[in-house]
Amino acid sequence: MVELRYNAGNIKNPNVHKIGVIALGSHLENHGPALPIDTDAKIASYIALESSLHSGAKFLGVLYPAHEIKEINHGIHNSLKELKEEIIKTLKSAKKFLKIEKAIIVNAHGGNLPLFQCIEEIEIETKLIIIINNKIVESEGPHGGSGELSMGKILGILNENEVKNQLDLNKYGEVGLWKFSEARANDENIEKGAKEIETEGVSVDEEYGKQLFNLGINSVLLDIEKLLDF
Ligand SMILES: Nc1nc(N[C@@H]2O[C@H](COP(=O)(O)O)[C@@H](O)[C@H]2O)c(NC=O)c(=O)[nH]1
Ligand SMILES: [Fe+2]
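Quick caveat, the model's predicted, so the values are computed rather than measured.

Q: Just checking my understanding: could you explain the coordination of the iron ion (ligand 2) for this structure?
A: Donor atoms from the polypeptide that coordinate the iron ion (ligand 2) comprise His31 (NE2), Asp40 (OD) and Glu148 (OE), at 2.0 to 2.2 Å from the metal. For the iron ion (ligand 2), the four donor atoms in the first shell make angles of 83 to 126° at the metal, a pattern classed as irregular. We note that the donor set of the iron ion (ligand 2) lies within a single chain, spaced as H-x8-D-x107-E. With His31 in the loop between strand 1 (19–24) and helix 1 (39–55) and Glu148 in helix 5 (residues 146–155), this pair connects stretches of sequence that are 117 residues apart. Take Glu148: its relative accessible area is 0%, and that puts it in the buried class.

Okay, structure coming up:
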């Protein structure tokens, strides 16, 4: 049996190999004409990969399913049960083949926020310690708004010629979740995002995009430090 060199490479603590970082977003969701339908999945994947590169934790890739509440219909989404089962299956595989003992799920899609209800069940099923990191969703602002546009610019996924059309809300009412009146009435965070789009519009700012990514990455690095202490 080969003896693995857990200290090799640029890592601070050999125990970081027990920690997996996996991205969760949405691949099939409209974000106005300026951003692609897999914006959330790409934002989550960038943060997860950068965090694993900086810390030495294992990068586990990206999950495919995504959940959304029924009042918001801007893409193709899955039930919370389907999403939970896919997460359990994927993390059990990472545990079996990569020997991880702890995992951080980096979520970049607002519709996945109800996943926090299932975290205990997922930990019991996988016998892993798990953190769901929602920092970027809590910080990015409205759906398809300045935060995601600016991160999209950093990632090179933004269509700059279409930014001027992002606020044509009669055509692209998913921006700011503006057209989903029931969701707006039920959730003050969604109402706040829609109002922000109406009053402040959208802009693209690379510095703001970098700041959001640094916020997301540093938040995951903090979670990795926490898990190293467990
Ligand atoms: N899609 C949902 N979003 C939100 N809330 C907020 O809206 C944006 C969504 O952006 P995504 O591109 O990540 O979908 C973001 O600022 C979210 O905080 C929901 N509600 C809870 O916040 C929701 O259920 N779905
Ligand atoms: Fe999004």
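The discussion continues.
Q: Would you mind going over the environment of Gly61 with me for this structure?
A: Note on placement: Gly61 falls in strand 2 (residues 58–62). Taking relative accessible area as the criterion, Gly61 reaches 17% and is therefore assigned buried. In sequence terms Gly61 and Gly193 are 132 residues apart; their C-alpha atoms lie 29 Å from each other. Once you skip the residues sitting within four places of it in the chain, Gly61 turns out to touch Val21, Ile22 and Ala23.

Q: I keep staring at the UniProt feature "binding site: Fe cation 2" (unreviewed entry) in the protein and nothing clicks. Help me out?
A: As annotated in UniProt, the feature "binding site: Fe cation 2" (unreviewed entry) corresponds to His31 and Asp40 in the numbering used here. Among all residues touching His31, those that are not within four sequence positions of it are Pro36, Ile37, Thr39, Asp40, His143, Gly144, Glu148, Gln166, Glu174 and Val175. At 3.4 Å, the side chain of His31 forms a polar contact with the side chain of Glu148. Note on placement: Asp40 falls in helix 1. With relative accessibility at 2%, the residue Asp40 sits in the buried group. Among the polar contacts made by the side chain of Asp40, one reaches the side chain of His31 at a distance of 3.0 Å.

Q: I'm lost on the sheet that holds strand 1 in this one. Help?
A: Strand-to-strand pairing in sheets goes through backbone hydrogen bonds, with the strands running parallel or antiparallel. Taken in spatial order, the four strands line up as 2-1-3-4 in an open sheet, and their pairing is parallel. One side of each edge strand has no neighbouring strand; the edge strands of this open sheet are strand 2 and strand 4 (129–133). Sheet twist, expressed as the average angle between the axes of neighbouring strands with direction ignored, equals 20°. Note: strand 1 against strand 2, three bridges, orientation parallel. Note on strand 2: the bridge partner recorded for Val21 is Phe59. Seen against the sheet, helix 1 touches strand 1, strand 2 and strand 3 (102–107) and runs at an angle of roughly 170° to strand 2.

Criteria and thresholds
Residues numbered from 1 in each chain as written. Chains lettered and ligands numbered in written order. Predicted model: local features only at pLDDT ≥ 70, side-chain atom pairs only at ≥ 80, totals over all residues. Heavy atoms only, no water. Donors = N, O, S within 2.8 Å, 3.2 Å for Na, K, Ca; no water. Tetrahedral: all angles 85-135°; square planar, octahedral: opposite > 155°, others 65-115°. Helix = DSSP H or I, 4+ residues; strand = E, 2+ residues; numbered from the N terminus. Buried < 20%, exposed > 50% of the residue type's maximum accessible area, 1.4 Å probe, protein only. Contact = heavy atoms within 4.5 Å. UniProt positions renumbered as here; feature names shortened; annotations may be inferred. Polar contact = N/O pair within 3.5 Å; in protein donor to acceptor, adjacent residues only side chain to side chain. Pairing = 2+ DSSP bridges. Axes fitted to C-alpha atoms, helices over the stretch in contact; angles between N-to-C directions.

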